[in-house]
Amino acid sequence: VQLQASGGGLVQAGGSLRLSCASSGRIFSTYAWAWFRQVPGKEREFVAATGRNGGRTYYADSVKGRFFASRDSAKNTVYLQMDSLKPEDTAVYYCAAGSSVILSSLRSGSAYSYWGQGTQVTVSS
C-alpha cells in the first residue's frame, strides 16, 4: 500500500488549502486514517483522525473548527480541508493509515503502518 499526499503550498494567513492523500490500494473502509504535521526540530503533531470503518473524526484542539477531514471511498482518497490558516500551521503534513488502530491510539503516530511522503504547507503572516 502506498499513500501519496499532495495539495500543500504557500498561502497567506486566513487563507485555505485542501490536502489530498490517495491510496494505491482498496483499504479504505476498514482502515483508520489520520493527518499529522511536523516542523523541523519539533516532534510530530497529531492533527486529525478517523477510526476504522468511519465514524467520528477527532481533531487536535489547535485546529478544531478550522480543519475538516473527509474521505472519498470511490477515489480511495482522504482530504484535509484547512481554513483560516495561521502562520503556526506551517509544517510538513503527513497522511497515515492503519488496519489495527484502536480508538485510544488514534492520536499516536506509532499506531499507523502506512505513511505518505509529506507535503509542505507554509502560511505567511
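Above this text is the structure in question.
Asker: Whenever I open this one, the nonpolar core confuses me. Can you help?
Answerer: Inside soluble globular proteins, nonpolar side chains tend to come together where they are buried. With 36 residues, the main nonpolar core has Trp35, Val47, Phe67, Leu80, Met82, Tyr93 and Tyr112 as its most contacted residues. Broken down by secondary-structure element, the contributors of at least two residues to this core are strand E1 (3-6), strand E3 (17-23), strand E4 (32-38), strand E5 (45-50), strand E6 (57-59), strand E8 (77-82), strand E9 (91-98) and strand E11 (119-124). Other than its neighbours up to four places away in sequence, Leu80 contacts Leu17, Arg18, Leu19, Trp35, Val47, Ala48, Phe67, Phe68, Ala69 and Tyr93.

Asker: Teacher, can you tell me more about the environment of Thr122 here?
Answerer: Counting through the fold element by element, Thr122 comes out in strand E11. Judged by its relative accessible area of 29%, Thr122 falls in the partly exposed class. A C-alpha to C-alpha distance of 7.8 Å links Thr122 and Gly8, two positions 114 residues apart in sequence.

Asker: Is there a simple way to think about the pattern of salt bridges in this case?
Answerer: Proximity of charged atoms lets side chains of opposite charge pair with each other. One pass over the full model with this rule turns up four salt bridges. A salt bridge links Arg37 to Glu45; the shortest N-O distance between them is 2.8 Å. With a relative accessible area of 5%, Arg37 lands in the buried category. On the basis of relative accessible area, Glu45 is assigned to the partly exposed category, the value being 33%. Among the charged side chains, a network of salt bridges with common partners joins Arg37, Glu45, Arg66 and Asp89.

Asker: Which parts of the structure should I look at to understand unusual backbone geometry?
Answerer: Even without being glycine, Asn76 reaches a positive phi, approximately 50 degrees. Counting through the fold element by element, Asn76 comes out in the loop between strand E7 (67-72) and E8. Despite not being glycine, Ser84 has its phi angle at roughly 50 degrees, a positive value. Among the residues examined, Ser84 registers a relative accessible area of 40% and is labelled partly exposed.

Reading guide: rules and limits
Residues numbered from 1 in each chain as written. Predicted model: local features only at pLDDT ≥ 70, side-chain atom pairs only at ≥ 80, totals over all residues. Heavy atoms only, no water. Core = buried A, V, L, I, M, F, W, Y, C linked by side-chain atoms within 4.5 Å. Buried < 20%, exposed > 50% of the residue type's maximum accessible area, 1.4 Å probe, protein only. Helix = DSSP H or I, 4+ residues; strand = E, 2+ residues; numbered from the N terminus. Contact = heavy atoms within 4.5 Å. Salt bridge = Lys/Arg side-chain N within 4 Å of Asp/Glu carboxyl O.

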